[in-house]
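The residues making up each chain are set out below.
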Amino acid sequence: LFVGEFASQRIRKITPRGYISTFAGSGRSGLLDGYGPFTKFDCPVAMTADREGNLFVCDKFNNAIRKITPGAEVTTVAGGRQQGMEDGPLEAASFDGPRGIALDPRDGSLYVSDFRSRTIRKIVFGDRRAEQLEAAIQRYKKEEAAKEIRSQQAGPGNPTEASSLDANRTGKAHHTKSADPTRTMLPEVLKKLEENCLAERMPPGYLPDYLS
């Protein structure tokens, strides 16, 4: 079990037998990458882990997302000191008070609650871009709509991968409609994100309508 101590600027580790140790952080506030206790954080408020055992930490006052490997190596994934909400490559993206984080196990993407900028950000490691979740979903919906149009144009005799054909009682074929992409795309990510946002709920209007 790993615990973020935001007041003492450390990441603590608790073993199954109850032994507690400092996994990362020197106890002094700052932004310093490195190993174990020779690193610095400034209010590590939330974290998540991937299948390889890497921890991803919301370093709130550093406006950064930090990564801690199983060997306690700490690096800055995105953001750092400068406040903002710039999208783009990880080295250019900026955050403003990140305080909630969740990992999508399907592709390893990270979803970050960027508190003061009132946005949900998405970090995609495949193309090293950090982007807002709303834009990602809108792009996904457009792709699904385009697939649906292609399937309708193809007709029953030439089905596409975006549709399936069922035979009804009259012997005719029809296209089976796909589920709403906004409901199937993020099954548990937003739930996990809400749990990570501590006890403080964001007021109405912070999330797009289709995510509420």
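These figures come from a predicted structure and were not determined experimentally.

**Points about the confidence of the model for the protein chain**
Regions with low pLDDT carry predicted coordinates that are not meant to be interpreted in detail. Taken residue by residue, the protein chain gives an average pLDDT of 75. The fraction at 70 or more is 67%. Confidence drops under a pLDDT of 50 for residues 159-185, and excluding neighbours within four residues, the segment shows 38 contacts in the predicted structure.

**Considerations on the sheet that holds strand β1 (residues 2-5)**
The three strands are arranged β1-β2-β3 in an open sheet whose pairing can be described as antiparallel. Each edge of the sheet is formed by a strand with only one pairing partner; in this case those strands are β1 and β3 (20-24). Geometrically, the sheet is characterised by an average inter-axis angle of 35° between neighbouring strands, direction not taken into account. Note that strand β2 (residues 10-14) and β3 share four bridges and pair antiparallel. In the sheet register, Ile11 faces β3, and the bridge partner there is Ala24.

**Overview of unusual backbone geometry**
The phi dihedral of Ala72 is positive, around 70°, even though this residue is not glycine. The residue Ala72 is located in the loop between β7 (64-68) and β8 (73-79) in this model. Positive phi outside glycine occurs at Arg118, with the angle close to 60°.

**Section: the sheet that holds strand β6 (residues 55-59)**
Pairing in this open sheet of five strands is antiparallel, and the strands run β4-β8-β7-β6-β5 from one edge to the other. At either end of the open sheet lies a strand with only one pairing partner, and these are β4 (34-35) and β5 (44-49). In terms of strand pairing, β7 meets β8 through five bridges, oriented antiparallel. Its bridge partner being in β8, Lys67 is matched across the sheet by Thr75.

**Some points on the packing of aromatic side chains**
Per the counting criterion, the structure on display carries one aromatic pair. Over the aromatic face of Phe115 sits the side chain of Arg99, whose NZ or CZ is 4.9 Å from the ring centroid. Here Arg121 stacks its cationic end above the ring of Phe95, 4.9 Å away from the centre of that ring.

Rules used in this analysis
Residues numbered from 1 in each chain as written. Predicted model: local features only at pLDDT ≥ 70, side-chain atom pairs only at ≥ 80, totals over all residues. Heavy atoms only, no water. pLDDT = per-residue confidence, 0-100. Contact = heavy atoms within 4.5 Å. Pairing = 2+ DSSP bridges. Helix = DSSP H or I, 4+ residues; strand = E, 2+ residues; numbered from the N terminus. Axes fitted to C-alpha atoms, helices over the stretch in contact; angles between N-to-C directions. Phe/Tyr/Trp six-rings, centres within 6.5 Å; stacked < 30°, edge-to-face > 60°. Lys NZ or Arg CZ within 6 Å of the ring centre and 35° of its normal.

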